[in-house]
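The chain contents come next:
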Amino acid sequence: MIARSLLYCPGDQREMHQKAVDSGADAVIFDLEDAVAPAARATARRTVRETLDGLDDPDPSISVRITSYDREGPSDVEAVVRDAERLPDSVVLPKVDRPDQVERLTADLKAAGASSVDVIPLIETAAGLLAVEEIAEASGVVGVAYGDQDYTADVGATVTAAKTESLYARQRVVAAAGAARVDAFDTVHTDIEDSEGLREQTRTVLEFGFDGKLAIHPAQVPIINEAFTPTDEEIEWAERVLAGQSRASEADDGVFTVDGQMIDPPLVERARVVVRRAEVAGVR
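In this report, the structure presented in the accompanying data block is examined. Keep in mind the model is a prediction, meaning the values are calculated, not measured. (Residues numbered from 1 in each chain as written. Predicted model: local features only at pLDDT ≥ 70, side-chain atom pairs only at ≥ 80, totals over all residues. Heavy atoms only, no water.)

Focus: empty space enclosed by the protein
- In this structure the tally under the stated criterion is two cavities of 30 Å³ or more.
- Considering only enclosed or pocket space, the largest cavity measures out at about 60 Å³ in volume.
- Lining the largest cavity are Ile2, Ala3, Arg4, Asp183, Asp211, Phe228, Arg276, Arg277 and Val280.
- Looking at the lining of the largest cavity element by element, the count peaks at three residues for helix α12 (residues 265–281).
- Taken together, the residues of the lining of the largest cavity break down into four nonpolar, no polar and five charged.
- Looking at the second largest cavity, its volume works out to about 30 Å³.
- Together, Val64, Ile66, Asp76, Val77, Val80, Val81, Pro88 and Val91 line the second largest cavity. (1 Å grid on protein atoms, 1.4 Å probe; cavity = no way out; pocket = protein on both sides within 12 Å on 5 of 7 lines; lining within 4 Å. Points joined across faces, edges and corners; volume = space filled by probe spheres on them. Helix = DSSP H or I, 4+ residues; strand = E, 2+ residues; numbered from the N terminus. Nonpolar A, V, L, I, M, F, W, Y, C, P; charged D, E, K, R; others polar.)

Structure representation (C-alpha cells):
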C-alpha cells in the first residue's frame, strides 16, 4: 500500500464519509474503533458497509479500522466484508500484540471471500513493539502503522513536545517495516489547530524513513501530502541516478557517478524511493 496521508473518518458519521473521500488523502480509513461509541458500533458497521457499496471507483485507497481482534474485530469483519458488493482495499487492525492476531484476521478475510483485502497492523503497545518484526512479516500485511497515544500510555511515558519518548518506537517500526519490505505509517498529530507542529513532525518522520502519516482532520491532509511529495530537484536527481544505474548495469559496472557524486546501491535505492513518492503524488 502506497500512501502519503491516511485520513481517519468516524464510521457512524455518514455525512462525513464523502467529504473524507474528496479530501485529497491518499487513503481514507473508516473507523469502527476509537471514533465510535460502543453503543453506536452496530450502526457504524451498517453505515460503513453502505458507504463502501455506494462508492464508485474512488480516488483514495479505502480502508476500515476494525476493533481489536481479541474483542469485536471478528464481528466487524463479518458485518463489513462478507458478501459485500464492494470490499475495502485494506483493514487496519489496532492494538496488535502478536502475529497470530494478524493471521486470524487474514484467515477470516479469506473465509469471507475477501482474500484480496490487505492488512495494516497498528502498533500501540509495548508487547506489539517487541513483536513488530514478526507482525510486519505476517501474511497479508502491506504496511505497519505506529500509534503514539496508546503506546506512550502503555509504557507510562511522559509525553513531551519534542516527542523524544517516541524516538525508539518510531525507529523500530520503520526498521521492521523496511526489513519486511512493507510501508511504515506514522501516528496522528492530535492538535488539529497546530499546523506548524504537524508540518515539523511530518518532516521529522519523513527523515526517519516513514512512508506516510495518519491524519484525523481533512485540514491536515495537504500539510502531510506536501511533506511527502519530493521537490523537482529531488526528482531530477533520482531520475539521473536511475538512468546512470541502468547504463552501469549494461556496462557491468558496480559503481558510477552522478553530478560528481559516487553512486552505490544504497543511493540507488534512495532514488527509487523518491521516484515512488513522486508517482504517488502525481508529479511524475
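Quick notes on the layout of surface pockets
- Within this model, the largest pocket holds a volume of roughly 860 Å³.
- Residue lining of the largest pocket: 30 residues in total, with Leu206, Gly209, Asp211, Val273 and Arg277 positioned closest to the centre.
- Among the elements that make up the lining of the largest pocket, the one with the highest residue count is α12 (seven residues).
- Of the residues in the lining of the largest pocket, the class split is 14 nonpolar, four polar and 12 charged.

Examining the packing of aromatic side chains
- Scanning the entire structure with this criterion turns up one aromatic pair.
- An angle of 65° between the planes, with centres 5.9 Å apart, marks the rings of tyrosine 146 and tyrosine 151 as edge-to-face. Summarising the burial analysis for this pair, tyrosine 146 and tyrosine 151 share the class buried. (Phe/Tyr/Trp six-rings, centres within 6.5 Å; stacked < 30°, edge-to-face > 60°. Buried < 20%, exposed > 50% of the residue type's maximum accessible area, 1.4 Å probe, protein only.)

Overview of the sheet that holds strand β1 (residues 5–10)
- Spatially, β1-β2-β3-β4-β5-β6-β7-β8 is the arrangement adopted by the eight strands of the closed barrel, whose pairing is parallel. Taken over all neighbouring pairs, the strand axes of this sheet differ in orientation by 25° on average, direction set aside.
- The pairing of β1 with strand β2 (residues 27–31) spans five bridges and is classified as parallel. By the bridge assignment, cysteine 9 is partnered in β2 with phenylalanine 30.
- Contacts from helix α1 (residues 14–21) reach β1, β2 and β3 (61–65) within the one sheet, and its direction differs from that of β1 by about 170°. (Pairing = 2+ DSSP bridges. Axes fitted to C-alpha atoms, helices over the stretch in contact; angles between N-to-C directions. Contact = heavy atoms within 4.5 Å.)

Focus on the packing of helix α11 (residues 232–250) against α12
- Running from N to C, α11 and α12 cross one another at 130°; their axes reach a closest spacing of 8 Å. The angle between α11 and α12 falls in the class oblique. In this structure, α11 crosses over α12, and the sense of that crossing is left-handed. Of α12, the residues touching α11 (which contributes Glu234, Ile235, Trp237, Ala238, Val241, Leu242 and Gln245) are Leu267, Val268, Ala271, Arg272, Val274, Val275 and Ala278.
- Residue classes in the contact of α11 with α12 are distributed as 11 nonpolar, one polar and two charged. (Parallel < 35°, antiparallel > 145°, perpendicular 65-115°, else oblique. Left-handed = near helix turned anticlockwise from the far one by under 90°.)

Side note on the pairing of β3
- For β3, a buried count of five out of five residues is recorded, marking the element as mostly surrounded by other parts of the structure.
- The alternating pattern of β3 places Ser61, Ser63 and Arg65 on one face and Ile62 and Val64 on the opposite face, and all of these are buried.
- As defined by bridge partners, β2 adjoins β3 across five bridges and the pair is classed as parallel. Its bridge partner lying in β3, aspartate 31 is registered against arginine 65.
- One crossover worth recording links β2 to the parallel β3 by way of helix α2 (residues 41–54), and it is right-handed.
- As paired elements, β3 and strand β4 (residues 90–93) share three bridges and run parallel to each other. (Right-handed = clockwise from strand over helix to strand, strands pointing away.)

A closer look at helix α4 (residues 99–111)
- Between its first and last C-alpha, α4 extends 19 Å over 13 residues, near the 18 Å set by a 1.5 Å rise per residue.
- Every buried residue belonging to α4 is among Gln101, Val102, Leu105, Thr106 and Leu109, and all of these are buried. Buried residues of α4, seen end-on, are gathered within an arc of 135° and therefore sit on one face of the element. Residues of α4 that are exposed and point more than 90 degrees away from the buried face comprise Lys110 and Ala111. (Expected span 1.5 Å × (residues − 1). Arc of directions from axis to C-beta.)

Remarks on the side chain of arginine 86
- In this structure, arginine 86 sits in the loop between α3 (73–81) and β4.
- The side chain of arginine 86 sits in the buried core without any salt bridge; aspartate 89 is the nearest counter-charge, 4.3 Å away.
- Other than its neighbours up to four places away in sequence, arginine 86 contacts Leu52, Asp53, Leu55, Pro58 and Ile62. (Lys, Arg positive; Asp, Glu negative; His and termini not counted. Salt bridge = Lys/Arg side-chain N within 4 Å of Asp/Glu carboxyl O.)

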